[in-house]
Amino acid sequence: MKPVTCYIKERSLLARLAARYMGGSQIAMVIGKTIHLHGTSREDFLRHKWWVRHEICHVMQYRELGLVPFLWKYLWECARVGYHANRFEVEARAAERDAAIMDGVVIV
Ligand SMILES: [Zn+2]
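Reading the values: the criteria
- Residues numbered from 1 in each chain as written.
- Predicted model: local features only at pLDDT ≥ 70, side-chain atom pairs only at ≥ 80, totals over all residues.
- Heavy atoms only, no water.
- Pairing = 2+ DSSP bridges.
- Helix = DSSP H or I, 4+ residues; strand = E, 2+ residues; numbered from the N terminus.
- Axes fitted to C-alpha atoms, helices over the stretch in contact; angles between N-to-C directions.
- Contact = heavy atoms within 4.5 Å.
- Donors = N, O, S within 2.8 Å, 3.2 Å for Na, K, Ca; no water.
- Tetrahedral: all angles 85-135°; square planar, octahedral: opposite > 155°, others 65-115°.
- Buried < 20%, exposed > 50% of the residue type's maximum accessible area, 1.4 Å probe, protein only.
- Core = buried A, V, L, I, M, F, W, Y, C linked by side-chain atoms within 4.5 Å.
- Phe/Tyr/Trp six-rings, centres within 6.5 Å; stacked < 30°, edge-to-face > 60°.

Chemist: What is the right way to read the sheet that holds strand β2 (residues 27–31) from this model?
Modeler: The four strands are arranged β2-β3-β1-β4 in an open sheet whose pairing can be described as mixed. Edge strands, defined here as strands with exactly one partner in the open sheet, are β2 and β4 (105–107). Here the average twist between neighbouring strands, direction ignored, is 25°. Direction of pairing for β2 relative to strand β3 (residues 34–38): antiparallel, over a ladder of five bridges. In the sheet register, A28 faces β3, and the bridge partner there is L37. Those strands touched by helix α1 (residues 13–22) are β2 and β3, and its axis lies near 120° from that of β2.

Chemist: So what exactly am I meant to see when it comes to the coordination of the zinc ion here?
Modeler: Ideal coordination angles are 109.5 degrees for a metal with four donors arranged tetrahedrally and 90 or 180 degrees for a metal with six donors arranged octahedrally. Surrounding the zinc ion are the protein donor atoms H54 (NE2), H58 (NE2), E89 (OE) and E89 (OE), at 2.0 to 2.5 Å. In this structure, the zinc ion is surrounded by four donor atoms whose angles at the metal cover 55 to 148°, and the resulting shape is irregular. We note that the donor set of the zinc ion lies within a single chain, spaced as H-x3-H-x30-E. Of this pair, H58 sits in helix α3 (residues 49–65) while E89 sits in helix α5 (residues 87–95), placing them 31 residues apart in sequence. Assessed through its relative accessible area of 6%, H58 is described here as buried.

Chemist: What am I meant to see in the nonpolar core here?
Modeler: Across soluble globular proteins, nonpolar side chains have a tendency to be buried as a group. Core analysis: the largest hydrophobic core is formed by 22 residues, its most contacted members being C6, A28, I35, L37, F45, I56 and V59. Taken together, the elements giving at least two residues each to this core come down to β1 (4–9), β2, β3, α3, α4 (67–81) and α5. Each residue touching I35, except ones within four places of it in the same chain, is listed here: Y7, I8, K9, A28, M29, V30, F45, E55 and I56. Grouped together as the second largest cluster of nonpolar side chains are five residues, A15, A18, A19 and M29 included.

Chemist: Help me understand the pairing of β3, please; the structure alone is not making it clear to me.
Modeler: Side chains on a regular strand alternate between the two faces of the sheet. Of all five residues in β3, four are buried, a share of seventy percent or more. Relative to β3, β1 runs parallel, the two being bridged by three bridges. Looking at the pairing, K9 lines up with H36 of β3. Hairpin remark: β2 followed by β3, antiparallel, with two residues in the connecting loop; positive phi at G32, about 65°.

Chemist: Sorry if this is basic, but what is going on with the pairing of β1 here?
Modeler: Burial of β1 is one-sided: the residues V4, C6 and I8 facing one way are buried, the residues T5, Y7 and K9 facing the other way are not. With three bridges joining them, β1 and β4 adopt parallel strand pairing. When the sheet's bridge partners are listed, V4 is paired in β4 with V105.

Chemist: Explanation requested: the packing of aromatic side chains in the structure shown.
Modeler: Aromatic rings considered in pairs are described by the distance between their centres and by the relative angle of their planes. Tallying each qualifying case throughout the model produces six aromatic pairs. Where F70 meets Y74, the ring centres are 5.5 Å apart and the plane angle is 40°; that geometry is what we call tilted. Of this pair, F70 and Y74 both sit in helix α4, separated by four residues, roughly a single helical turn. Given the relative accessible area of 3%, F70 is considered buried.

Structure below.
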């Protein structure tokens, strides 16, 4: 597998807006290859392996579909079936237990 370089953005405005919208205090969201954090630090986020795997799965979904198609399909899924049943979230939750998803991934 080709190496995938991912980035972390702490105190992200986008993540803050998403947290307000979703009603959460700690949030991570992915745009392309960047994991945007709100209410958590880089260190704290990286400490939770399941959480990192979940977000890396979203990075892979972006890679597979492309930025705009992924966002479009993701939002469409949310509108159609809601956040929890969204197939991209179902896949990311399954990835939380899959250590292999981190193969070739470098977080800088
Ligand atoms: Zn997710």
